[in-house]
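Coordinates in review
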Amino acid sequence: MLEVENLEARYRGYAALRDVSLEVHRGEIVCLIGANGAGKTTLLNCISGVHHDCDGKILFHGEDVSSATPQQLVRRGIVHVPENRQLFSPMTVEENLELGAYLQAPQMRAKDLSDRMERILEHFPSLKGRRKQQAGTLSGGEQQMVAIGRGLMSDPHLLLLDEPSLGLAPMLVREIFRIIQELQREGRTILLVEQNALGALGISDRGYVLENGRVTLTGAAGFLIDHGHVRQAFLGQDVS
């Protein structure tokens, strides 16, 4: 579904990504793990058209989308749920969700839009009774659920999730990861960026390790969990 080939990205002349290649197949959860500053968010920003100072090739369903705008990519089926949620705090849960379908809403019947929202809210029972509540008054976990739900409102083929567990209590982290697995069972394809390496690998099919802007290791999730370097560098385990 998604192929990234020899991607290079820069910020003010500094090389943030170097020769990065990866692929995501239909129906997979693929995680990208790495330390702060490794280039994970930059990679998602390049794929979603937010960051433009990059070279290489990005293919989606076999078509080159390297120069597409974020709006064009949303129409093609790529949706990016950014780090730190970036909700519109004074707006209600329902209004934030509706914004996720802003490109499609003019062509949709009101009932179809409402039905889609109801289907998405089935994944987030705690939001159902808060749909008229301002998003900024929700807990961190509930705000993350709104952010994911907003991304789902455009019915994407590929969902890019950037640090969905960031800043959440362990119980809420488990709930977010459970929801991600539920979305996969629905047939969603997900590229997941996480610092929580063990949690991300625990729900993923495959993974990539990004260090200093380069992919240094890739493989099945089980292989990466057992790999000595991953265990030492990202899971805090002594392998000596």
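These remarks concern the structure in this document. If you're wondering where the values come from, they're calculated on a predicted model, not measured in any experiment.

Points about the pattern of salt bridges
- Per the counting criterion, the structure on display carries 14 salt bridges.
- With a shortest N-O distance of 2.9 Å, Glu94 and Arg131 are connected by a salt bridge. Remark: Arg131 occurs in the loop between helix H5 (125–128) and helix H6 (140–152) and Glu94 occurs in helix H3 (residues 93–99); sequence separation between them is 37 residues. In terms of burial, Glu94 and Arg131 fall into one category: buried.
- Three or more residues are tied together by salt bridges with common partners; here these are Glu94, Glu118, Arg131 and Lys132.

As for the pairing of strand E2 (residues 14–24)
- Examined bridge by bridge, strand E1 (residues 2–11) and E2 share seven bridges and lie antiparallel to one another. Considered in E2, the bridge of Tyr11 is made with Tyr14.
- In this structure, the hairpin formed by E1 and E2 is closed by a connection of two residues, where Arg12 is found at a positive phi of approximately 50°.

A look at the side chain of Gln143
- Turning to its location among the elements, Gln143 is positioned in helix H6.
- Residue class for Gln143 comes out buried when judged on its relative accessible area of 17%.
- Within the local environment of Gln143, its side chain forms a polar contact with the backbone oxygen of Leu138, the two atoms lying 3.1 Å apart.
- If near-sequence neighbours (up to four positions away) are discounted, Gln143 is found in contact with Arg85, Leu87, Ala135, Gly136 and Leu138.

Describing the sheet that holds strand E4 (residues 54–60)
- Pairing in this open sheet of four strands is antiparallel, and the strands run E2-E1-E4-E5 from one edge to the other. Where the open sheet ends on each side, the last strands, each with one partner, are E2 and strand E5 (63–64).
- Lying on the sheet, helix H1 (residues 40–47) is in contact with E1, E2 and E4; it crosses E1 at an angle near 115°.

Conventions adopted
Residues numbered from 1 in each chain as written. Predicted model: local features only at pLDDT ≥ 70, side-chain atom pairs only at ≥ 80, totals over all residues. Heavy atoms only, no water. Salt bridge = Lys/Arg side-chain N within 4 Å of Asp/Glu carboxyl O. Helix = DSSP H or I, 4+ residues; strand = E, 2+ residues; numbered from the N terminus. Buried < 20%, exposed > 50% of the residue type's maximum accessible area, 1.4 Å probe, protein only. Pairing = 2+ DSSP bridges. Polar contact = N/O pair within 3.5 Å; in protein donor to acceptor, adjacent residues only side chain to side chain. Contact = heavy atoms within 4.5 Å. Axes fitted to C-alpha atoms, helices over the stretch in contact; angles between N-to-C directions.

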